[in-house]
Structure formats: structure tokens, C-alpha cells
Amino acid sequence: MKLISWNVNGLRACLSKGFNDFFASADADIFCVQETKMQQGQAEMVFEGYEEYWNSAVKKGYAGTAVFTRKTPLAVSYGLGIPEHDQEGRVITLEFDSFFLINVYTPNSQRGLLRLDYRLQWEDAFHAYLQQLDRQKPLIVCGDANVAHQEIDIKNAQANRRNAGFTDEERDKLSLLLNSGFTDTFRLLYPDKKDAYTWWSYMMNARDRNIGWRIDYFLVSARLGDSVKDAIIYADIMGSDHCPIGLEIF
């Protein structure tokens, strides 16, 4: 089974920058999108053979997630079931026979860490949600986690130590999740691979110079680790400040 995850930084904009071409060439069984910045139906999209599920933010043109799947889920839910955390369209959960798929767009702590406290509260709620599901069947969690976990996952670690996405608090939350029974599939297969990034600033020619961050992930319940066949970073695919990532499993 092949899965793709991509923060498109506005799906309507990405549609004009090659999204359809990559969608077709990827030929994924499940394709997850973050930061759609739109409501379903605001753009003309037809992906034959796929069902689609959307969770859009209450605030128009902000955040949002979507899932396109060839496999019909047993059930679909939106958000965490906590009104405080369910206004921004950040989580979609699809239940299948042998696993749950969770597509997530984690809140950004923002410049000056203005939203760090909220983000940490959100993380606690999200982790509790994952643990609850994991007791039922294994999980595949994908999306933009808005954190570079280790120094190997960011080009300029020291210069970014108190910047959003590389604070000790955010990194510790991801460590806590991984230590509670989840696996970062990319590092499972490529533990020492350097210069492997999924996001680059639009400034200073960062992408051309590969000055990036790895902040997009496929995590799986640790008991699925042996089923992971490959974890891919499609660094050459343009259209967003993030590139797509992929997982081949089972």
C-alpha cells in the first residue's frame, strides 16, 4: 500500500503549480493533504476512483486537511472531539480493517513563540487521542508536525534553537510520542541520512541551497515497524514550500 502526505500551503494555489500531475504520477492508495486553506467545492477537482474527506477551518482560507482514498474506510471522524481544538480543521481519522489513518496539521508556535503554550496543550490532547486509538488497532499518522525532531533534521540547528519548530519543548513532545510506542518511518530506514528535508523557507534561496527542515512525517505504531517497506521524500516536487513525502507499507 502506498500513501502520500503533502502540506500544499493552499490547495487552490498548488493546483496551478502541478498538484494534479504529481497526484496522478504518485498513484497512491491514500493521499493526505494539509493546509488546504479552502472549503470543499471551492475548486474544481475530480480524482476518479477516489473518495474524498475534508476538514476545513471555521476561519476561511486557513489551515485545513483533506484525504483522498481509493480504499473505502469503515468510519471517518473529524478533529479530536474537543471543541477548543477543533476549530481549525487539523485532524481527519479514517478507520480501516487493520489500522487507523490519522492525517494531521499540527499548530505552528508562530514567530516569537506566541502560540507555543496553546500548541503544547494541543499536543497533549492529540497524543491522548492517538493512545486511545492505538489500544484498538495500529495507527499510521501522517502530516506536518511543525517540528524538526533532531539536529540531523534541520540545516542550522544552533541558529534555530528558540525558533518555532525547533524549541526544546516541541522536540520533547515528539520524543515523548515516539517513546510511547510510535516509530518515525524515515529514521527507521534512514537513521543517519543528512540533508533530507521537507520544508524550506521562501527566503534567501533556501530551497536551491537545501537549507531546510524535516517537519513532515509518517509515524506508525511501533508494532507496524516490520511492515514498512520504504519512506520517501519527494524533494524535487515543487508547488509548495513543503515537498510531498511517501510511505510504502504492508
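Higher on the page you've got the structure.
What this report covers is the structure whose coordinates are included nearby. (Residues numbered from 1 in each chain as written. Predicted model: local features only at pLDDT ≥ 70, side-chain atom pairs only at ≥ 80, totals over all residues. Heavy atoms only, no water.)

### Here's the deal with the nonpolar core
Worth spelling out the cut-off: We define a nonpolar core as any set of buried Ala, Val, Leu, Ile, Met, Phe, Trp, Tyr and Cys residues linked to one another through side-chain atoms lying within 4.5 Å. For every residue, the accessible area (1.4 Å probe, protein chains only) is compared with the maximum for its type, and the residue is labelled buried under 20%, exposed over 50%, or partly exposed between those bounds. Every helix listed is a DSSP run of H or I at least four residues long, and every strand listed is a run of E at least two residues long, numbered separately from the N terminus. We call two residues in contact when some of their heavy atoms are within 4.5 Å.
Among the nonpolar cores identified, the biggest contains 23 residues, and Trp 6, Leu 11, Phe 19, Phe 22, Phe 31 and Phe 68 are the most heavily contacted of them. For this core, the secondary structure elements donating two or more residues are strand E1 (2-7), helix H1 (11-15), helix H2 (19-26), strand E2 (30-34) and strand E4 (65-69). With four residues, the single largest contributor to this core is H2. If near-sequence neighbours (up to four positions away) are discounted, Phe 68 is found in contact with Phe 23, Asp 29, Ile 30, Phe 31, Val 33, Phe 47, Tyr 50, Glu 51, Glu 52 and Trp 54. With 22 residues, the next largest nonpolar core counts Val 104, Val 141, Tyr 217 and Leu 219 among its residues.

### Observations regarding the environment of Val 33
Residue placement: Val 33 occurs in strand E2. The class for Val 33 is buried, based on a relative accessible area of 0%. Through-space distance from the C-alpha of Val 33 to that of Lys 71 is 16 Å; in sequence the pair is 38 residues apart. What Val 33 contacts, discounting residues up to four positions off in sequence, is Trp 6, Val 8, Phe 19, Gly 64, Thr 65, Ala 66, Phe 68 and Asn 103.

### What to know about the environment of Asn 108
Rules: For this analysis, a polar contact is any N or O atom pair within 3.5 Å, provided that within protein one partner can donate a hydrogen and the other can accept it, and provided that sequence-adjacent residues contribute only side-chain to side-chain pairs.
Examined against the element boundaries, Asn 108 turns out to sit in the loop between strand E7 (100-105) and helix H3 (116-134). By relative accessible area, which is 33% here, Asn 108 ends up partly exposed. For the pair Asn 108 and Leu 15, spaced 93 residues apart in the sequence, the C-alpha separation amounts to 24 Å. Aside from chain neighbours lying at most four places away, what touches Asn 108 is Arg 115, Arg 119, Asn 146 and Ala 164. Looking at Asn 108, its side chain comes within polar contact range of the side chain of Asn 146, at 3.4 Å.

### Thoughts on the pairing of strand E8 (residues 139-144)
Threshold: Two strands pair if DSSP finds at least two bridges between them. If you view a crossover with the strands going away from you and the path from the first strand over the helix to the second runs clockwise, you call it right-handed.
Most of E8 sits out of view: six of its six residues are buried. Relative to E8, E7 runs parallel, the two sharing six bridges. By the bridge assignment, Phe 100 is partnered in E8 with Leu 139. Tracing the backbone out of E7, into H3 and back to the parallel element E8 gives a crossover that is right-handed. Two strands pair when backbone bridges link them, and E8 and strand E12 (residues 216-221) are joined in this way by five bridges, in the antiparallel orientation. Looking across to E12, one finds that Gly 143 is bridged to Tyr 217.

### Describing a nonpolar patch on the surface
Formally: Patch construction takes residues with relative accessible area above 30% that form no salt bridge. Like charges are linked within 9 Å, and nonpolar side chains (Val, Leu, Ile, Met, Phe, Trp, Tyr) are linked within 5 Å. Areas reported as accessible are Shrake-Rupley estimates using a 1.4 Å probe. Residue values count occlusion only from the protein chains shown. The salt bridge criterion pairs a side-chain nitrogen of Lys or Arg with a carboxyl oxygen of Asp or Glu, the two atoms within 4 Å.
Together, Leu 188, Leu 189 and Tyr 190 make up a nonpolar patch on the protein surface, roughly 220 Å² of accessible area in all. Among the structural elements, Leu 188 can be located in helix H5 (residues 185-189). Taking relative accessible area as the criterion, Leu 188 reaches 40% and is therefore assigned partly exposed.

### Some thoughts on the sheet that holds strand E5 (residues 75-78)
Sheet strands pair by backbone hydrogen bonding; their relative direction is either parallel or antiparallel. Heads up, the rule is: Whenever a helix is involved, its axis is fitted only over the stretch in contact; in every case the axis is a line through C-alpha atoms, and angles between N-to-C directions fall within 0 to 180 degrees.
A sheet is described by the order of its strands in space; here six strands give the open sequence E5-E6-E7-E8-E12-E9, paired in mixed fashion. Only two strands of the sheet have a single neighbouring strand rather than two, namely E5 and strand E9 (182-184). Neighbour-to-neighbour, the strand axes of this sheet turn through a mean angle of 20°, independent of strand direction. Examined bridge by bridge, strand E6 (residues 91-95) and E7 share five bridges and lie antiparallel to one another. Bridge assignment links Leu 94 to a residue of E7, and that residue is Leu 101. Helix-sheet contacts for H3 involve E5, E6, E7, E8, E9 and E12, and the interaxial angle to E7 is about 170°.

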